[in-house]
Amino acid sequence: MNKVFEVPQKLRFGALELTPAVTLAPMAGVTDTVFRRFIRNLGGCGLIMTEFTSSEGVIADDRRKKAGQKTVRRNSFNYLYYEQDEHPIVAQLFGSDPATLADAARVVEDLGFDGVDLNFGCPVKKVTTCNGGSGLLRDLPLIRQILEQVRAAVSIPFTCKFRTGWSDTEIVCCEVGRLAESCGLQGVALHGRTREQGYAGNANWDMIAELKRAVSIPVVGNGDVFSPEDAVRMFQHTGCDGVMIGRAAASNPWIFRQIQQYIATGEYDEPTEQDRYEMIRDYYQLLLNRGDRISGRVDGKMKQFATYFTRGVRNGTQLRKAIYRCGEPQEVIDTVERFFEEQLATEAA
Ligand SMILES: Cc1cc2nc3c(=O)[nH]c(=O)nc-3n(C[C@H](O)[C@H](O)[C@H](O)COP(=O)(O)O)c2cc1C
């Protein structure tokens, strides 16, 4: 079938072929196994990634497991828990010690992940002060050591994700991309902001275009894609091989499906009130079933997602407030049922 927009349909990281070329960004506290499966079930997303996971934590957990010791709740292995229907799935690691990252990448490979990704983009102080995340963007020789050692440790596809640089006067994304290519990585993802920028201003898509011109491995563009139109614009503006979506996926998990529909037809469906009801109900049900596999409490997670999911719902503030007042997870589910029963009844009347 002819597409309305000629944009990449496949993204290839070495032997890993991903369709479509639109991926879910890793988001700590959001993209746990429950949310990832939820996104998978809705369709249109080519790749999902774990939340970033401490390489030191992974090694400590691996040692504990090999010694036959009980693992503790909120451990790093919990972040790396996934179910078989999540494939293809990549694990994201952070850290700054090459040997530890290489060991952790080996564990990731042994756990059956389809790829491993390193985070050179996290702006959080706790991470950057030990040189992890975007802190590494100020130490390219260390990035090289890390990339070489991790590359030598695993044979699964290996990628990294970074920001454009530490600050406007320290832009290094093309250098990091070239390092990644020369060390044998299969792809890179760029969030078009500096560390200093945090989330302020706009993501600089020109930088993504520049990186794309600087390397021949696949480049995934990231930052400020909030609609299907944005996704197509990102492909067209930057020439990137894939588009990665973060924040928008939390409040509009249909965005991946909408993008595919938009590429094919030039139009896309907006979710109905019934769709929104089913989305919240299904996500909460998944949470109830697999709450043992997330970090944090199920009721807390339900409240966190109420903030995202009630956007766009008619009288959404009312629902959000009602959910915040709930105690037990089952009470949240009953509240959602009651709210939509009334809401859909008034819509039908
Ligand atoms: C709550 C939250 C958690 C995040 N956690 C991670 C993370 O674990 N690893 C990572 O590489 N980026 C993380 N990011 C950054 C996103 O992956 C993404 O690069 C950024 O949000 C820009 O994309 P967007 O405009 O589509 O949201 C996080 C972002 C948010 C909002």
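Residues numbered from 1 in each chain as written. Predicted model: local features only at pLDDT ≥ 70, side-chain atom pairs only at ≥ 80, totals over all residues. Heavy atoms only, no water.

A few words on the pattern of salt bridges. Side chains carrying opposite charge are able to pair once their charged atoms draw close together. Inspection of every chain in the model, using the stated rule, returns 19 salt bridges. A salt bridge links lysine 301 to aspartate 32; the nearest nitrogen and oxygen atoms lie 3.3 Å apart. Of the two residues, lysine 301 sits in helix α13 (residues 298–309) while aspartate 32 sits in the loop between β3 (22–24) and α1 (33–42), which places them 269 residues apart along the sequence. Here lysine 301 and aspartate 32 have matching classes, each one buried. With its nearest N and O atoms 3.9 Å apart, the salt bridge here joins arginine 37 to glutamate 83. Of the two residues, arginine 37 sits in helix α1 while glutamate 83 sits in the loop between α3 (76–79) and β6 (89–94), which places them 46 residues apart along the sequence. (Salt bridge = Lys/Arg side-chain N within 4 Å of Asp/Glu carboxyl O. Helix = DSSP H or I, 4+ residues; strand = E, 2+ residues; numbered from the N terminus. Buried < 20%, exposed > 50% of the residue type's maximum accessible area, 1.4 Å probe, protein only.)

Next up on the list: the layout of surface pockets. Regions of empty space are outlined by a rolling probe, equal in size to a water molecule, passed over the atoms. Its boundaries defined by the atoms lining it, the largest pocket holds a volume of some 530 Å³. Lining the largest pocket are 24 residues, with Pro26, Met27, Lys161, Arg163 and Tyr199 positioned closest to its centre. Of all the secondary structure elements, the ones that give two or more residues to the lining of the largest pocket are β8 (158–165) and α10 (247–251). In the lining of the largest pocket, the residues fall into 13 nonpolar, seven polar and four charged. Taken as a whole, the second largest pocket encloses approximately 260 Å³ of empty space. Taken together, 13 residues form the lining of the second largest pocket, with Phe52, Tyr79, Phe94, Lys126 and Val127 sitting closest to its centre. Of all the secondary-structure elements, those providing two or more residues to the lining of the second largest pocket are β5 (53–54), α3 and α5 (125–128). Here the residues of the lining of the second largest pocket are counted per class, giving six nonpolar, five polar and two charged. (1 Å grid on protein atoms, 1.4 Å probe; cavity = no way out; pocket = protein on both sides within 12 Å on 5 of 7 lines; lining within 4 Å. Points joined across faces, edges and corners; volume = space filled by probe spheres on them. Nonpolar A, V, L, I, M, F, W, Y, C, P; charged D, E, K, R; others polar.)

A separate point is the site of the ligand. Neighbouring residues of the ligand: 16 residues in total, closest Pro26, Gln92, Asn222, Asp224 and Arg247. Between the ligand and phenylalanine 52 there is a distance of 3.1 Å, counted from an oxygen atom to a backbone nitrogen or oxygen. At a separation of 2.8 Å, an oxygen atom of the ligand approaches a polar side-chain atom of asparagine 119. Contact with the protein chains hides 86% of the accessible area of the ligand, taken as 610 Å² for the molecule alone. Judged by the fraction of its atoms near the pocket grid, the ligand is located in the largest pocket. The class makeup of the residues in the shell around the ligand is seven nonpolar, six polar and three charged. (Near = heavy atom within 4 Å. Polar contact = N/O pair within 3.5 Å; in protein donor to acceptor, adjacent residues only side chain to side chain. Areas by Shrake-Rupley, 256 points an atom, 1.4 Å probe, with all protein chains shown as cover. Sits in = over half its atoms within 2 Å of the grid points.)

Another aspect to go through is the packing of helix α4 (residues 98–110) against helix α6 (residues 140–153). The N-to-C vectors of α4 and α6 enclose an angle of 35°; their axes lie 8 Å apart at closest approach. Regarding α4 and α6, the two cross each other, and that crossing is right-handed. Along the contact surface, α4 presents Pro98, Ala99, Leu101, Ala102, Ala105, Arg106 and Glu109, while α6 presents Leu142, Gln145, Ile146, Gln149, Val150 and Ala153. For the contact of α4 with α6, the residue count by class is nine nonpolar, two polar and two charged. (Axes fitted to C-alpha atoms, helices over the stretch in contact; angles between N-to-C directions. Left-handed = near helix turned anticlockwise from the far one by under 90°. Contact = heavy atoms within 4.5 Å.)

Attention now goes to the packing of helix α12 (residues 273–290) against helix α15 (residues 329–348). Two numbers describe how α12 lies on α15: the axes approach to 10 Å, and their chain directions differ by 170°. With respect to α15, the element α12 is oriented roughly antiparallel. Residues Glu273, Gln274, Arg276, Tyr277, Ile280, Arg281, Tyr284, Gln285 and Leu288 of α12 lie in contact with α15, whose contacting residues are Pro329, Gln330, Val332, Ile333, Val336, Glu337, Phe340, Gln343, Leu344 and Glu347. When grouped by side-chain class, the residues that make up the contact of α12 with α15 number ten nonpolar, four polar and five charged. (Parallel < 35°, antiparallel > 145°, perpendicular 65-115°, else oblique.)

Here we take up the domain arrangement of the protein. Once the domains are mapped, the protein shows domain 1 (11–265) and domain 2 (273–348). Here domain 1 and domain 2 have C-alpha centroids that lie 29 Å from each other. Taken together, the 19 residues of domain 1 in the interface contact 19 residues of domain 2. Each partner contributes to the roughly 1,800 Å² buried at the junction of domain 1 and domain 2, and carbon and sulfur atoms together form 60% of this total. Sorting the residues of domain 1 by area buried against domain 2 places Val34, Phe38 and Trp254 first, and these three jointly supply 30% of that buried surface. (Domains from an automatic or database assignment. Buried area = accessible area lost by both parts, 1.4 Å probe.)

All right, on to the environment of aspartate 62 then. As for its placement among the helices and strands, aspartate 62 is situated in helix α2 (residues 55–66). Along the primary structure aspartate 62 and glutamine 343 are separated by 281 residues, whereas in three dimensions their C-alpha atoms are 49 Å apart. For aspartate 62, the side chain forms a polar contact with the side chain of lysine 66, separated by 2.7 Å.

This paragraph deals with the environment of cysteine 173. With respect to the element layout, cysteine 173 can be found in helix α7 (residues 173–182). For the pair formed by cysteine 173 and phenylalanine 94, sequence separation is 79 residues and the distance between their alpha carbons is 18 Å. Contacts of cysteine 173, omitting those with residues within four sequence positions, involve Phe162, Arg163, Thr164, Leu190, Met207 and Leu211.

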